[in-house]
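A look at the structure
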Amino acid sequence: APPTFNQARSLVYIGNNQVLLFYADANNSYYGTVVLGNVSGNTITWDVQSPPVTFESTALKYSSDYAMDSVLHEALNLTVCAYIVNSSSDAFMRAFSVSGNTITVGGQHYFNGGGVQEIAICYGEISGVARIWVSFIDRLSGIDKGIANCVTINNVNSITNGNDST
């Protein structure tokens, strides 16, 4: 059956005619879920050999289109998903790898505390060094404060925060 993703979601092309879809699964308590899709022409079919994988067993923030984002880390061929947990508004990241039709889920990485809203990430290289750039709104202080951070992805289980910039 196709995934149910009528709420927060993010789709990223990972090469080899494949995409990863990250979403808050409405049929499973809005837990963070990822599924592999195969692309042929302009059609995506969800890989029956690779059922959806739960990567976060806490409800994700799902009431905003900006509650999660994902990007391909081209240098490491890893996909990174940043997301907000609903109950605390804490923000986390995970890296994912795909081999054939198997999705490997990396460890959870905490990168900012309660009050996080509207998250976005992108990939870039500066002087040959690959980075993931994160921006989000921090509402913990009672005002909407835009914050950006440069994050280093070392491997599927190792993510290191940079310093926040406002």
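The structure presented is a predicted model; accordingly, all values stated were derived computationally and were not measured.

Attention shifts here to the pairing of strand β8 (residues 91-99). Burial runs high along β8: seven of the nine residues are buried. Where strand β7 (residues 78-84) lies against β8, six bridges are found, and the strand directions are antiparallel. Looking at the pairing, Y83 lines up with F92 of β8. In sequence, β7 turns back onto β8 through a hairpin of six residues, with S89 there showing a positive phi of about 60°. Pairing geometry for β8 and strand β10 (residues 109-112), over three bridges, is antiparallel. The residue of β10 that forms the bridge with A91 is N112. In this structure, β8 lies alongside strand β9 (residues 102-105), joined through four bridges in antiparallel fashion. Within β9, the residue paired with S99 across the bridge is T102. Between β8 and β9, which pair antiparallel and follow one another directly, the connecting turn spans two residues, one of which, G100, has a positive phi of 65°.

Inspection of the entire model under this criterion finds six aromatic pairs. Centre to centre, the rings of F55 and Y83 are 5.3 Å apart; their planes meet at 65°, and the pair counts as edge-to-face. Placement of F55 in strand β5 (residues 53-59) and of Y83 in strand β7 is noted, with a sequence separation of 28 residues between them. Both residues of the pair, F55 and Y83, belong to the buried class. Connected via pairs of aromatic rings, a cluster forms that spans F22, F55, Y83, F92, F96 and Y110.

As summarised here, the arrangement of the four strands in space is β11-β12-β13-β14, forming an open sheet in which the pairing is antiparallel. At either margin of the open sheet sits one strand with a lone partner, and together these are β11 (116-126) and β14 (158-160). Pairs of neighbouring strands in the sheet enclose a mean axial angle of 30°, with direction left out of account. Where strand β12 (residues 129-138) lies against strand β13 (residues 145-155), seven bridges are found, and the strand directions are antiparallel. When the sheet's bridge partners are listed, D138 is paired in β13 with K145.

The rules behind these values
Residues numbered from 1 in each chain as written. Predicted model: local features only at pLDDT ≥ 70, side-chain atom pairs only at ≥ 80, totals over all residues. Heavy atoms only, no water. Buried < 20%, exposed > 50% of the residue type's maximum accessible area, 1.4 Å probe, protein only. Helix = DSSP H or I, 4+ residues; strand = E, 2+ residues; numbered from the N terminus. Pairing = 2+ DSSP bridges. Phe/Tyr/Trp six-rings, centres within 6.5 Å; stacked < 30°, edge-to-face > 60°. Axes fitted to C-alpha atoms, helices over the stretch in contact; angles between N-to-C directions.

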